[in-house]
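The lines below spell out each chain.
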Amino acid sequence: MTSIVPTLSVSQIRALSPASIQDWTAQDVAALSAEQIGALNARQVAAIGAQYVNSLNAQQIGAVSPSAIVGLTADQLAVLSSQQIQVLSTGQVAALYSKQIGALESDQIAAFTSGQIAVLGLNELRALSPEDIATFTTDEIAAIRPDALPGLSTDAVAALSAGQVGALSTAQIAALSPGQTAALSADHFAAMNTAQVGALGVRQASGLDVTLLSTAQTAALSTSLVGALKSGQAAALSAEQAAALTSGQIAALSAVALRAMAPENVATFTAAEIAAIATRSLTGLTPETLGALSTAQVAAFTTEQVASLSTAQLAALSPEQVGALNTSQVAALTARQVAGFDVTALSAAQTAALSTAFVAALKSDQLAALSTDQAAALTSSQVAALSAGAIAGLEAEDIETFTTAEIALIKTQSLSRLSANAVAALSSAQLAALTTAQVAALSTLQLGALTPEQFGSFDTAQVAALGPRQVAGFDVAVLSTAQTAALSTAFVAALKSDQLAALSTDQASALTSGQVAALSATALAGLEGEDIATFTTAEIALIKTQALPRLSTGALVALSTGQIGALSEGQVAALSTAQLAAMTPEQVGALSTAQIGALAARQAAGLDITLLSTGQTAALSTALIAGLKSDQIAALSTGQAAALTSDQVVALSAGAIAGLEAEDIGTFTTAEIALIRTQALSRLSTAALGALSTAQIAALTDAQIAVLSTAQLAALAPGQVGALSTAQVGALTGRQAAGLDVTALSTAQTAALSTGLVAGLKSGQVAALSTAQAAALTSSQVAALSAAGIAGLEAEDLETFTADEVALINARALSRLSADAVAALTSGQIAALKTGQIAALTSDQIVALTSDQIDLLDSTQIGALTSRQIAAMLLEDIQTFKTEEIAAINTRAVSGLSTANIAGLSSAQLNSLTTAQAQAMSRGQIDAVVAAYVEFGT
């Protein structure tokens, strides 16, 4: 049957299903035109029977589109002939999947041309087996794309022939992976030229077995690869390979690689190569490696390299190696390299070449290790750079080599660390060369090491530079008078008492006004009498007020009257009580009134008041006066007491007033008397009070009168009492009543007494009142009389009271009135008694009332009588009651009527008894009433 495939159009071909194509026969496949085959897609190509694929001619094979060729199955690929493979275009080959490439047999792979191999990618090469690669010719090997070459497996690389490896281009070599590089054998490297080896780069370094390299190949390695060598690779280099390294390669070596190299290998480096080592890699030179270097190699180090060496590396250098360093190399040493550096290995020239930064970092033990020659070789700049720590290591014989100019250049903060022995070794010229700043920086220990002769080398400017922190332990005795006068005020202010005590009289005399003014309280305590005696009056006035109290009493009494007179008021006010007490009469007498006036209250205890003139006494401040004690006031002379001013009198305390004697207070004016504080006046002795004139008594204020004690009041003579004004008498209070001699009072004074005082009068005092005084009592005073006072009232005194005054007597007080006084009550007074007063009368007082007095009682008064009072009345008293008065008896009082008194009542009186009264009577009283009625026949 004739095939219909040739009759199908391109469109029809494209429309065929894979199933339809599977039915094609060999005749159908063979009949396909190139155009028809070009129309097939990948799925359609895959549907062609495998047994028919190998019948495709070259034209048909070439017509398969690259997009469709990917449809070839493994079975289809397996039947392709070498001729069919060779006619594949590069586009078709490039389109094949790695899986399709992997399906090809080695003999099929061998059919690939160089052009076809050139289009194979990374994945396609990865699909090839070592056997496949082995079929490649050297040209085909050279045709592999560099970017695809990493696709070769390490087994494939290892299987390469020496010829194939020799055919690799430098670009291909550069494309090898670390694993592929590691797969290269000795034969491979033997086949490689130096250009190929030189093409190996950084990323291949980790896979490189350097032991396989010849010395020529080693020298051909790129610097980038050399820079990437690991410690194991560097350690594996032979001495010959190390010697073959170029300066450029050595410059590329990392610190890790350099550290791994055997010391003997590094020792093969030339001087130029040593100089080529990168400073960043220099840390790779181990102490062992450095020790293996020759002096020539050490001398070849650049200054940058020297500056990069670590302290451990420098410490590894032998004295001979250190000695091989030139001055430029030594000058390159930095401060960070100082630690552990053996300065003793340096020559004098090398020592002088050290940088100031390096010298500044030297430690005390390193400076102590310098020889005298090395110390002498130090330049001025180096000396100026020495740190405090380093200076501490300088020994006496070393510092002796310093010139005066170098001494002056030592840092102030460094100089303070110089040992005491070194300081003691300084010559006079060296000491004189010290700057004022350096002198100010010396420690107390250093100053203490100086001899008097050395101190003598200091000029006044240097001495003036000494500061307060240098005072401790300073021996001021070594100073001349000129040096003493040059001391700063700050230094002087810090001096201690023992130092000031050590001053000679000449030194004390040399002190300036400014220095004296700067003396502290502590220092002043050490000043002796003969020293302070040298001070001028101007200097005395400059002593700090807060410092003056520390002056010893011995030194104070050594002051002349002129010096005493020069003291400022502030200084006088600052004197302690002990100092004030120690002053001689002459010194006290030298004090001006202004100075005396400056004395403060706290100083009162130390003042010998007897030494004061009347003018000085009058100048005392009120604050000091207020602080005087009673014994001091008692010690005042009459003249001094008279000199006291009004303000001073006002300021006298209660304690001080207690010390005033009669003759002293007698000097006070009436105005001064009136100014004595009320609370102070109460402390005046009775003797002093008794000595007051009537004028002084009359000058006392009401407030002063009110604070007098009972003892003071009792001490007043009748004449003094008589001198009191009615206002003064009126100021007397109840608490003073007990001390008042009422007999000394005039009637006007009596009438002026306060009700409070009257209320406080005792019975004896009231009894002592004259009839005129009693008559002078006011209604308010009568009302204020206490029960005790009323008890003292005599009949003639009571008779002077008006009926209204009697009515004002307190009911409770009235009950204390004597029977005689009660019996003396006048009819008017009886009539004026209030019901409360009536009810308060005692039984004895009721008994004392006469029948006439009882007869005067009205019904209201009788109604106020109690049962107790009714019971006390006699029958004849009751019989005087009128019928209305009988009816007025309170029902509660009816019980007081005795049966005898009831029996004695008249029939009219009986008939006047009210029903309420009868109901309040007892059975006995009722029986008595009935019996009385019977008696009367009613």
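Here goes a summary of the coordinates provided. All values derive from a computational prediction rather than experimental measurement.

As for the environment of G627
The topology assignment puts G627 in helix 68 (residues 622-627). Along the sequence, G627 and I532 sit 95 residues apart, while their C-alpha atoms lie 31 Å from each other. Leave out the neighbours within four places in its chain, and G627 touches A604 and Q632.

Structural notes on the packing of aromatic side chains
Applying the stated criterion across every chain yields a total of four aromatic pairs. Consider the rings of F455 and F458, whose centres lie 5.7 Å apart with planes at 85°: the pair is edge-to-face. Since its relative accessible area comes to 4%, F455 is described here as buried. Each ring, one from F474 and one from F491, has its centre 5.2 Å from the other, and the planes form 85°; the classification is edge-to-face. Here F491 lies in helix 54 (residues 489-493) and F474 lies in the loop between helix 52 (460-464) and helix 53 (481-486), a separation of 17 residues in the sequence. An identical accessibility class is assigned to F474 and F491; each is buried. Taken together, the ring pairs in this structure connect F455, F458, F474 and F491 into an aromatic cluster.

Some thoughts on empty space enclosed by the protein
Taken as a whole and judged by the stated rule, the model has three cavities of 30 Å³ or more. The volume enclosed by the largest cavity comes to roughly 130 Å³. The wall of the largest cavity is formed by 15 residues, among which V45, L56, I61, V64 and L72 lie closest to the centre. Class assignment of the residues belonging to the lining of the largest cavity gives a composition of 13 nonpolar, two polar and no charged.

Focus: the pattern of salt bridges
Counted according to the given criterion, the structure contains three salt bridges. Its salt-bridge partner being E885, residue K882 comes within 3.9 Å of it at the nearest N-O pair. Taking the relative accessible area as the measure of exposure, E885 reaches 4% and is therefore buried. Overlapping salt bridges bring together D855, K882 and E885 as one network.

Quick notes on the rules
Residues numbered from 1 in each chain as written. Predicted model: local features only at pLDDT ≥ 70, side-chain atom pairs only at ≥ 80, totals over all residues. Heavy atoms only, no water. Helix = DSSP H or I, 4+ residues; strand = E, 2+ residues; numbered from the N terminus. Contact = heavy atoms within 4.5 Å. Phe/Tyr/Trp six-rings, centres within 6.5 Å; stacked < 30°, edge-to-face > 60°. Buried < 20%, exposed > 50% of the residue type's maximum accessible area, 1.4 Å probe, protein only. 1 Å grid on protein atoms, 1.4 Å probe; cavity = no way out; pocket = protein on both sides within 12 Å on 5 of 7 lines; lining within 4 Å. Points joined across faces, edges and corners; volume = space filled by probe spheres on them. Nonpolar A, V, L, I, M, F, W, Y, C, P; charged D, E, K, R; others polar. Salt bridge = Lys/Arg side-chain N within 4 Å of Asp/Glu carboxyl O.

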